[in-house]
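Inside the fold
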Amino acid sequence: MEILQVHNLCKTYGKGEVQVNALRNVSFSLEKGDFCAIVGESGSGKSTLLNCIGALDVPTSGQILIDGNELFAMKEEARTIFRRRNIGFIFQSFQLVAELNVEQNIIFPLLLDYCRPDPALVEETLEILGLKDRRHHLPRQLSGGQQQRVAIGRALITRPKLILADEPTGNLDSKNSQEVLDLLIKASRQYQQTILMITHNNSLAAACDRVLRVADGRLTDLGQTDRKGADYHKDEKLS
């Protein structure tokens, strides 16, 4: 079942001599439960691609479909609501609300959509994140790794069709990076979340199911990694 379809996506900035072709006819698709890495040099177009897929930027031409819904055929208000309900974001800088505690930050997307959080789902999410004993802590009382776990929980809580992660381990040490990776793998395997992640870390990319490379705005599918199809223990706990 295809969750994401990208067809001939182009993004151009400027005109004439200052024109920059950030994306050039990019096409690919992701199946439900895929965990896919995007790699490439700085300025290659990776973030532009992620921003267009997340409806944070508007492509110059081409199509993006999420679960069969064409993003840019929607009016802006409808697209904003669709994004909030169907796309989860994980950023390098966490972007937590400083005045809200762990639990409140996690359920924040539900509150924005005027939805009542399911207490059982909140408890399950906190358990998976290893944050049950930190649920009332503010972001400033957490380590960087714990803050990124909260950000992952916030992305998971709505069970979105697609999760977009932009260098989610960029500000973390190796131990916390591995824990974040383990959480994302668990989300992909246990909850069949479809995840598209930008990373400069080759080890992280190798742990994904599939790797895409962007260079000069063009995308190359590097194919599936050895991870694809590997058995993942659903009851594996984080240390």
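Criteria and cut-off values
- All residue numbers here refer to positions counted from 1 along the written sequence of the relevant chain.
- A pLDDT threshold of at least 70 governs which residues receive local features in this predicted model, and a stricter bar of 80 or more applies before side-chain atom pairs are shown or counted, although totals over entire chains, interfaces and linings include all residues.
- Side-chain measures here rest on the full set of heavy atoms in the structure, leaving out hydrogens and waters.
- Helix and strand assignments come from DSSP, with helices taken as H or I runs of at least 4 residues and strands as E runs of at least 2, each series counted from the N terminus.
- Each residue gets one of three labels from its accessible area relative to the maximum for its type: buried under 20%, exposed over 50%, partly exposed in between, using a 1.4 Å probe on protein chains only.
- Throughout, a residue-residue contact means that at least one pair of heavy atoms, one from each residue, lies within 4.5 Å.

Quick notes on the side chain of Q146
Note on placement: Q146 falls in helix 5 (residues 144-156). The class for Q146 is buried, based on a relative accessible area of 18%. Contacts of Q146, omitting those with residues within four sequence positions, involve L131 and R134.

Structural notes on the environment of T158
Topologically, T158 is positioned in the loop between helix 5 and strand 7 (162-166). A relative accessible area of 22% places T158 in the partly exposed class. Along the backbone, T158 and F108 are 50 residues apart, and their C-alpha atoms lie at a distance of 9.9 Å. Residue contacts for T158: discarding those within four places in its chain leaves R85, P109 and L110.

Focus on the environment of L172
Looking at the element boundaries, L172 is found in the loop between strand 7 and helix 6 (174-190). With a relative accessible area of 13%, L172 lands in the buried category. C-alpha separation for the pair L172 and Q92, spaced 80 residues apart in sequence, amounts to 9.0 Å. Leaving out residues up to four positions away in the same chain, L172 has contacts with F94, G144, G145, Q148, S177 and V180.

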